[in-house]
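Summary of the model geometry
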Amino acid sequence: MFYVLGLENIKIARIILRASYIVAIGFIMISFSRLFIAGIIRFMPESAIIPGPLYVVYIIYFVFIYSYASIKLLWRYRESSGYFKMQLKYIGLAFAFATVSGFIHFLSAFKIKEIFPHDILIAIYSLIMAYAIIRYRLMDINRALIRAGIFTIVYIIVLGIPVWIGIEGRPFLSERLGVNWWILPSLLLGAMATIGPFLYLYLQRRAEDVLLKDQRRYQTALRELSRRMTRIRNIDELLKAIATTIVDTGKISYITIYLKDDEYKSYRVRFSHPKENHSHFKELLPLNHPIIEILYQQRKPVLSEEVTTINKEDLYFSLIVPCFMENDLLAFIALGTKPNNHIYTQDDIMVFEMLSYSTALAIENSIFWEEIQERQRKERVKEMDIYAYSLAHEIDNPMQVIMGSYYNLKPKIENSELTEEAKKSMIRSLEFMSEAAIRVTGMVEAIRSFGSRTSGELNPLEIKDVVESFIRLYTPQLKAEKIILAKEMPQESIYIRGEKNELITILINFAKNAIHAMKSSSEKRIVIKAMRTNSDFVKICFSDTGYGIPKEKILTIFAPFVTTKASTVGTGMGLYNVVRMARHNKGKVWAESEGENKGATLVLELPIAKDVKKEDLLEKEDKRARWKF
Amino acid sequence: MDKIKILVVDDEEGIVHWVTNVYADRGFLTFAAMDGEKAVEIFKKEHPSIVLIDVHMPYSAIDGIQTLKKIKEIDKNTVCIMVTRITDNKTVEEARKLGALHYIPKPLTMDELDEAINEAIDIVKKGKK
């Protein structure tokens, strides 16, 4: 009753609740008077009571307060959703048992036989409530028990000592104080009763400090994080800060943060901690996934018990915290279990809810910041492109003049009347000039194509085409190193969205790494394999027969300034740039190796663009083609 | 028989000098123009049968494609060869529609140029017969 009516924010419900307390206390006080229960019949044939005149008043009171609370409960139940609804369902059920039990008992007072022992119904009521408390967190059981315990102990001492003195010390006190012996225990009782509540509150606070120490600590840490995180502008750093704070301070088993990805029309894992825990979530969840719909409905943290429709293989979680920005679900945080499988209390959930607001704000903030930076970068790149292009043109034409002059002068010298030796020397000089010009032209071409490389746009591509382009471009270098190249391509057409030049550059970096790793291998072989990882991703595996990667380096190989090569050969930036480019193409790179001297496989994984069709692919352009009409 | 006339249009003087010189040495009558207007002017006067045009001439009042158009308007049988660094599909398509014979990407090599010019000469010779 307290639970149901206490929820109501209406004045009248509160007044009724308070009034009912007073009435109840009144009934307790008269419960032994004959006005209430006139007598008791024992075992004739069953025990029953003979109602007194106030007993009827009591029944009216009972019926009124139970009906009122039941109506409120039903009303609330229909309006509420999710977790709260489950709580109300159980309370309602327990309530029903209590009511029926009450009625059966009342009827027995009027000589109507109990059709079912009402005590059993009372027991069922208690069991349901106990179940709901544990399963649906009606209250934090630890706190409730500790409070009740402290209360009992404090009052046993406070009331017990004066009474004990009164009983045991009576002869002693009577001897000293005579008839007024009772004054001392009474004064003591008064003093103790005054101290009692303070003592109780003090002990309770101390107990909760101990009991909730961990919880308070991490709640403080999360609040601290909320304040701090709007200042973090990089989205990855932000998510990392959130994830590590939650996991480290809350000792929560894992955390996975999904971010809305408009390009792929889904929510995608942007951060997961700890890293090795990969089994409990899917990388991509479509926008219409049941969990997304639930989050949109509830708009607040959802416990796993609240949802039964979610496939645990899609996402396994204990608590899921949505981050809304106005009506847009920007992100959500899936949390694992608390230490020792402790439940998430209402307090926890409230802290996470607060955290989710600041998280949404911080995410929006950093996405905005990222967009600004991206725009600036694109503008810079565009400028560089124009510059590179005009530079190329300006250099090209003079080079063309030098080459042309060679073509012009060579026959003239040959046909002149100079000595053979002089002709030869002059032609040799001309050849040097021409070759140098050709070299410069080649360099300009490289700069120009690098300029166009970073347009930043992700275009529809076919995975096979990307690999083929790389092979066409890089076969001469592989041949020069005497490396055998094998490829395994999927039968079907798999489409992605990416920047072709960047993807080719990633493969070139893989190849450079492989060439170096195989410098002293007896068998030099590269296998490029393209295949689906699952329905969402495709990967290009690049295996070599080189010196492999030692186990301790396999995770750091893509970090900046890490190199497997001797320090004079590599800058260690090649594979790091690969990571950057892969990320720009919404992909991932990683390395696999069985160990030293067992070769290595570098993997580039990209999301499949399911909406791309063959006709979306850009026309193949071959810049060096000669056109004859 | 009259010498075959070749007009070379390019805003880079060194290139014009090279191409006109090489083909002059081989017995053709060559003309040079450094911009589109000059090219049209020479074309009207000399009626060359082969014209080599650079598409990209930023300092010329009319660019290569417009020059091609004007020349083709005067005599649609003129054999025109386009030269450029930019090979975007739109320009290529435009040149094709206007009736250009070849489209050679820069940087030019003697072999590529010879191949295109020889083919042009064949066409010119057939036309004369």
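Report on the accompanying structure. Values in this document were obtained by computation on a predicted structure and should not be read as measured data.

For the rest of this paragraph, the subject is the overall build of chain A. Secondary structure assignment for chain A yields 16 helices and 16 strands. Relative to all contacts within chain A whose residues are 6 or more apart in sequence, the contacts with residues 24 or more apart total 66%. Looking at chain A as shown, the accessible area adds up to about 36300 Å², and 61% of this sits on carbon and sulfur atoms.

With that out of the way, let us pick up the packing of aromatic side chains. All names here are of chain A. Within the structure shown, the criterion is met by 20 aromatic pairs over all chains. Seen from their ring centres, phenylalanine 510 and phenylalanine 542 are 5.8 Å apart, and the 70° between their planes marks the pair as edge-to-face. With a gap of 32 residues between them, phenylalanine 510 in helix H15 (residues 500-517) and phenylalanine 542 in strand S13 (residues 537-544) connect regions that are remote in the sequence. When sorted by exposure, phenylalanine 510 lands in the same class as phenylalanine 542, which is buried.

This next bit is on the nonpolar core. All names here are of chain A. Judged by nonpolar contacts, the single largest core of 41 residues is most densely connected at Phe470, Phe510, Phe542 and Leu604. Looking at this core, the elements with two or more residues in it are helix H14 (463-480), H15, strand S12 (525-532), S13, helix H16 (574-584), strand S14 (588-593) and strand S15 (600-607). Setting aside residues up to four positions removed in sequence, phenylalanine 542 forms contacts with Phe470, Leu507, Phe510, Ala511, Ala514, Ile526, Val527, Ile528, Ala600, Thr601 and Leu602.

Residue and element names in this part refer to chain A. Assignment of secondary structure puts arginine 525 in strand S12. Taking the relative accessible area as the measure of exposure, arginine 525 reaches 31% and is therefore partly exposed. Distance in space between the C-alpha atoms of arginine 525 and isoleucine 515 is 9.4 Å, their sequence separation being 10 residues. Not counting chain neighbours up to four residues away, the residues in contact with arginine 525 comprise Ile483, Ile484, Ala486, Met518, Ser543, Asp544 and Thr545.

The next subject is the environment of aspartate 54 of chain B. Residues and elements named next belong to chain B. By secondary structure assignment, the location of aspartate 54 is in strand S3 (residues 50-54). Here aspartate 54 falls in the buried class, since its relative accessible area comes to 2%. Note: C-alpha distance between aspartate 54 and isoleucine 81 (27 residues apart in sequence) is 8.7 Å. Non-local contacts of aspartate 54, meaning those with residues more than four positions away in its chain, are made with Val9, Asp10, Asp11, Gly64, Val83, Thr84 and Lys106. A distance of 3.5 Å separates a polar side-chain atom of aspartate 54 from the backbone nitrogen of histidine 56.

Calculation criteria
Along each chain, numbering runs from 1 in the same order as the chain's sequence is written. In the order they appear in the text, chains get letters beginning with A and ligands get numbers beginning with 1. For this predicted model, a pLDDT threshold of at least 70 governs which residues receive local features, and a threshold of 80 or more governs which side-chain atom pairs are given and counted, while totals over whole chains, interfaces and linings are taken from all residues. Side-chain descriptors were evaluated using all non-hydrogen atoms of the structure, hydrogens and water having been removed beforehand. Strands are runs of DSSP state E lasting at least two residues, helices are runs of H or I lasting at least four, and both sets are numbered from the N terminus onward. Residues count as neighbours in contact if any of their non-hydrogen atoms are within 4.5 Å of one another. For accessible areas, the Shrake-Rupley method is used with a probe of radius 1.4 Å. Any residue's cover is judged against the shown protein chains and nothing else. Pairing of aromatic rings covers Phe, Tyr and Trp, the last counted by its six-membered ring, and requires centre-to-centre distances within 6.5 Å; plane angles under 30 degrees mean stacked, over 60 mean edge-to-face, and any other angle means tilted. Each residue gets one of three labels from its accessible area relative to the maximum for its type: buried under 20%, exposed over 50%, partly exposed in between, using a 1.4 Å probe on protein chains only. In these notes, a set of buried Ala, Val, Leu, Ile, Met, Phe, Trp, Tyr and Cys residues joined through side-chain atoms within 4.5 Å is what counts as a nonpolar core. Any pair of nitrogen or oxygen atoms within 3.5 Å is treated as a polar contact; in protein, a donor-acceptor pairing is required on top of that, and neighbouring residues in sequence qualify only through side-chain atoms on both sides.

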